[in-house]
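Tertiary structure, described
Residues per chain are reported as follows:
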Amino acid sequence: MAVLKGKKIIIGITGSIAAYKVAMLTRLLVKEGAEVQIIMTEAAKTFVQALTFSTLSKNRVHSEFVPTEGALWTNHVELGLWADLILIAPASANTLSKMATGICDNLLTAVYLSAKCPVLFAPAMDLDMWKHPATQNNIEKLISYGNHLIPVGSGELASGLVGEGRLAEPEDIIQFLEKFIENGSTAVSKESDSIDSSVSQDLKGKTIVISAGPTQESLDPVRFISNHSSGRMGIALAEDAAARGAVVHLVLGPTNLKPENPAVNVHPVKSAEDMFQAVTGLFNKTDIAIMAAAVADFTPISHSETKIKKSGKDNMFLELKRTKDILKHLGEIKSKEQVLVGFALETNNEIENATKKLKKKNLDLIVLNSMRQKGAGFKHNTNKITILDRYNKITDFELKSKVEVATDIWNYIVSLSVSL
Ligand code: CTP
């Protein structure tokens, strides 16, 4: 395949025994016609020789800001701007952690921070290091910044342990790069998540209502019942729809986040009842409605105008009543032309439960998050979803930033609306 021909690729090699595999990777990339520049960290040089890589890449290997053999400074900004793509392979736990937190103590991390092109990283480490929550959190952060994970392989590791953590094989990395370039991804810059004039206007002329965030059910003047929803997923959906030309109404529960795009009309609400009123008030002029809010299912049966006192009580019982199910209500009143989308957050029997919700609430599609998936749900910048549609089609998506997930959801809705 010729997609790699003429592509300018920086390979960042970090300290891992798997660094030897990058010699073969470099050879294959050069053979495919790519222009390769290598950056090695100090730790990488303890595993492999720079000479191997300068020979294979036909370029001087970069390592220090000021190389010992000359007085010339290696301009990390220029290197970063030169590249169409940066591939960090093997990416050690240490380098992943630096990238996730913005530590810039060597040439590779400086180039990474300066670069505007896509960054792909292929981790390599021991099983326990790979599984450690610190590593997994760093990977989640890197994905949420718009970087792309090349999945690790599984098998025997240098330590003798068997499991996940192996650097992907050079042929698999090449395949990943080819697919990535074919999908047009090298043209996507890190900044393009928020501003991209090339975004298609496929939602132009549509009016959209999105619910997002938590609700707060008031007990007394100082207390309420709520949940951990940040509203991030719904906000990302609203931003993406506005960028694609729609008129967007975002009915947003109490959260610290808000959309950056001033074109999104925000309707702030507090309780489930407020949200019901705001959404139903907008629904009849809506083409597409997405209910992404984590609405409280129950609310206190009564509200105390004064602070509830603890005096004399050992136990305290709260009497709650059901809130109105906004999504179900919209499913009952929707016309054939209106598209209705719900969310389901499940911990078990995910597909079965989501299918039941799709049918019971008369939805066109439902976006399923499983609490069992790492990186999915309330507290993350990333999400891993499965979409189930009214034609019983089930589609799994990779772990991605919520911004990318929003694009996947809109792409799906647009394709579904065409066939509705
Ligand atoms: N939803 C809503 N109004 C409510 C409750 C939920 O609009 N009062 C919407 C959510 O925004 C989401 C979907 O319904 O799109 C979630 O479905 P639901 O059946 O409420 O899920 P759970 O609350 O997780 O239900 P259960 O506890 O039965 O699993």
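Residues numbered from 1 in each chain as written. Predicted model: local features only at pLDDT ≥ 70, side-chain atom pairs only at ≥ 80, totals over all residues. Heavy atoms only, no water.

This paragraph deals with the domain arrangement of the chain. Taken domain by domain, the chain holds domain 1 (8–182) and domain 2 (207–298 + 320–419). Here the C-alpha centre of domain 2 lies 37 Å away from the C-alpha centre of domain 1. Taken residue by residue, the interface counts six residues in domain 1 and nine residues in domain 2. Seen at the junction of domain 1 and domain 2, the total is zero residue pairs in polar contact (both at pLDDT 80 or more). Tallying contributions element by element places helix H8 (residues 133–144) first for the side of domain 1 that touches domain 2, with five residues. (Domains from an automatic or database assignment. Contact = heavy atoms within 4.5 Å. Polar contact = N/O pair within 3.5 Å; in protein donor to acceptor, adjacent residues only side chain to side chain. Helix = DSSP H or I, 4+ residues; strand = E, 2+ residues; numbered from the N terminus.)

One number sums up the size of the second largest pocket: a volume of about 890 Å³. At the level of secondary structure, the elements contributing two or more residues to the lining of the second largest pocket comprise helix H10 (232–243), helix H12 (326–333), strand E16 (339–346) and helix H13 (350–360). (1 Å grid on protein atoms, 1.4 Å probe; cavity = no way out; pocket = protein on both sides within 12 Å on 5 of 7 lines; lining within 4 Å. Points joined across faces, edges and corners; volume = space filled by probe spheres on them.)

Across the interface, helix H1 (residues 21–31) lies against helix H3 (residues 50–57) with an axial gap of 9 Å and an inter-helix angle of 15°. Between H1 and H3, the angle falls in the class roughly parallel. Between H1 and H3 lies a crossing whose hand is right-handed. Side by side, H1 and H3 meet where Val-22, Ala-23, Thr-26, Arg-27 and Val-30 of the first sit next to Thr-52, Phe-53, Leu-56 and Ser-57 of the second. Its residues assigned to classes, the contact of H1 with H3 shows five nonpolar, three polar and one charged. (Axes fitted to C-alpha atoms, helices over the stretch in contact; angles between N-to-C directions. Parallel < 35°, antiparallel > 145°, perpendicular 65-115°, else oblique. Left-handed = near helix turned anticlockwise from the far one by under 90°. Nonpolar A, V, L, I, M, F, W, Y, C, P; charged D, E, K, R; others polar.)

Going through the model one piece at a time under the given rule, you end up with 16 salt bridges. Here Lys-21 makes a salt bridge to Glu-169, at a shortest N to O gap of 3.0 Å. Pair noted here: Lys-21 is in helix H1 and Glu-169 is in the loop between strand E7 (162–166) and helix H9 (170–182), with a separation of 148 residues, a long-range link. Its salt-bridge partner being Asp-364, residue Arg-390 comes within 2.5 Å of it at the nearest N-O pair. (Salt bridge = Lys/Arg side-chain N within 4 Å of Asp/Glu carboxyl O.)

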